[in-house]
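# Structural features, examined
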Amino acid sequence: MITDYLLRSLLFVPAHNERLMTSASKSEADVLLLDLEDSVQPRSNKQIARDTIISFINKGQFNRHILFPRINDRESGELL
């Protein structure tokens with residue numbers, strides 16, 4: 001359960017940037033907020049960000065972290 005964890009530090013990570021994602025996977029932050037929203041620019045990087053998150057998860061690179069995606073709102077046209 002989420003309440004079983006300390007949520008002292010949150011690290012926002014632009015998910016399209018593989019270098020920053022690698023660095024985040026090694027961080028001591030309690031929660032990684034994988035950003036698919038404002039920090040992912042240009043718009044064409046949105047799919048790269050989604051693919052990068054899937055790749056990192058499949059490789060187990062975030063096993064010691066709580067992950068939250070930061071997604072665009074419904075009205076943006078970028079949710080799906």
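A brief structural summary.

Reading guide: rules and limits
Residues numbered from 1 in each chain as written. Predicted model: local features only at pLDDT ≥ 70, side-chain atom pairs only at ≥ 80, totals over all residues. Heavy atoms only, no water. Helix = DSSP H or I, 4+ residues; strand = E, 2+ residues; numbered from the N terminus. Polar contact = N/O pair within 3.5 Å; in protein donor to acceptor, adjacent residues only side chain to side chain. Contact = heavy atoms within 4.5 Å. Core = buried A, V, L, I, M, F, W, Y, C linked by side-chain atoms within 4.5 Å. Buried < 20%, exposed > 50% of the residue type's maximum accessible area, 1.4 Å probe, protein only. Arc of directions from axis to C-beta.

## Concerning the side chain of Ser-27
- With respect to the secondary-structure elements, Ser-27 resides in the loop between helix H1 (18-25) and strand E2 (31-35).
- Only 3.3 Å separates the side chain of Ser-27 from the backbone nitrogen of Ala-29, close enough to count as a polar contact.
- Among residues more than four places away in sequence, those in contact with Ser-27 are Leu-11, Leu-32, Arg-64 and His-65.

## Things to note about the nonpolar core
- Counting 13 residues, the largest nonpolar core has Ala-15, Met-21, Leu-32, Leu-34, Ile-53 and Phe-62 as the members making the most contacts within it.
- The set of elements that each furnish at least two residues to this core consists of H1, E2 and helix H2 (45-58).

## Remarks on H1
- The complete set of buried residues in H1 reads Met-21, Ala-24 and Ser-25. Projected onto a plane normal to the axis of H1, the buried residues spread over an arc of 100° and lie on a single side.
- Buried residues along H1 sit in contact with strand E1 (10-14), E2 and H2.
- Where H1 begins, one side-chain oxygen reaches toward the backbone nitrogen of Arg-19, 3.1 Å away; that side chain belongs to Asn-17.

Geometry only, nothing functional implied.
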